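Spelled out, the chains give:
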Amino acid sequence: MDWTVLTAIISVTAAISGIVLGWVGKTKAYKAEVVQEATAEASLHTDVSYIKRGIDDIKVDVRIQGQRMDGLTERLIRVEESTKQAHKRIDELKE
């Protein structure tokens, strides 16, 4: 076998292996990038979901506080009316 043929075969083999190794490396890097993006997206989704639940809890708390305020307002009105009536009766008793 001639050295020029052997050199040509080695050169072609090296070029093909370089292409294959480059392709494999690029594929691995792409897969790693996809995994990283998926992880970041999942984390973001989890954070948004947590914030949504927090907002829902706050809305429920605000609604409950509003109901309590309505109840207290009604009670205050009743107490004021009762106080007015009591003052009228006291004024009547003084006379």
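Refer to the preceding data block for the structure.
All of these numbers come straight from a predicted model, not from anything done at the bench. (Residues numbered from 1 in each chain as written. Predicted model: local features only at pLDDT ≥ 70, side-chain atom pairs only at ≥ 80, totals over all residues. Heavy atoms only, no water.)

Draft legend 1. The overall build of the protein, seen in detail. A tally of regular secondary structure across the protein gives one helix and zero strands. Relative to a compact globule of 95 residues, whose C-alpha radius of gyration would be 12 Å, the protein shows 41 Å and is clearly more extended. Projecting the C-alpha coordinates of the protein onto the three principal axes gives extents of approximately 140 × 10 × 5 Å. In the protein, which comprises 95 residues, the share counted as buried stands at 0%. For the protein, the accessible area works out to roughly 9,100 Å², and carbon and sulfur atoms hold 64% of it. Side chains of the protein carry 14 positive and 15 negative charges; the gap between the two charge centres is 3 Å. (Helix = DSSP H or I, 4+ residues; strand = E, 2+ residues; numbered from the N terminus. Rg over C-alpha atoms; globule rule 2.2 N^0.38 Å. Buried < 20%, exposed > 50% of the residue type's maximum accessible area, 1.4 Å probe, protein only. Areas by Shrake-Rupley, 256 points an atom, 1.4 Å probe, with all protein chains shown as cover. Lys, Arg positive; Asp, Glu negative; His and termini not counted. Charge placed at Lys NZ, Arg CZ, Asp CG, Glu CD.)

Draft legend 2. Molecular detail of a nonpolar patch on the surface. Judged by side-chain polarity, Val 12, Ile 16, Val 20 and Val 24 come together as a nonpolar surface patch covering roughly 330 Å² of accessible area. Tracing the chain through its elements places Ile 16 in helix 1 (residues 3–94). (Patch = residues over 30% accessible without salt bridge, like charges linked within 9 Å, V, L, I, M, F, W, Y side chains within 5 Å. Salt bridge = Lys/Arg side-chain N within 4 Å of Asp/Glu carboxyl O.)

Draft legend 3. Here's a closer look at the environment of Leu 76. Tracing the chain through its elements places Leu 76 in helix 1. With 65 residues separating them in the primary sequence, Leu 76 and Ser 11 have C-alpha atoms 96 Å apart.

Draft legend 4. Structural context of the environment of Glu 41. Here Glu 41 is to be found in helix 1. In sequence terms Glu 41 and Gln 65 are 24 residues apart; their C-alpha atoms lie 36 Å from each other.

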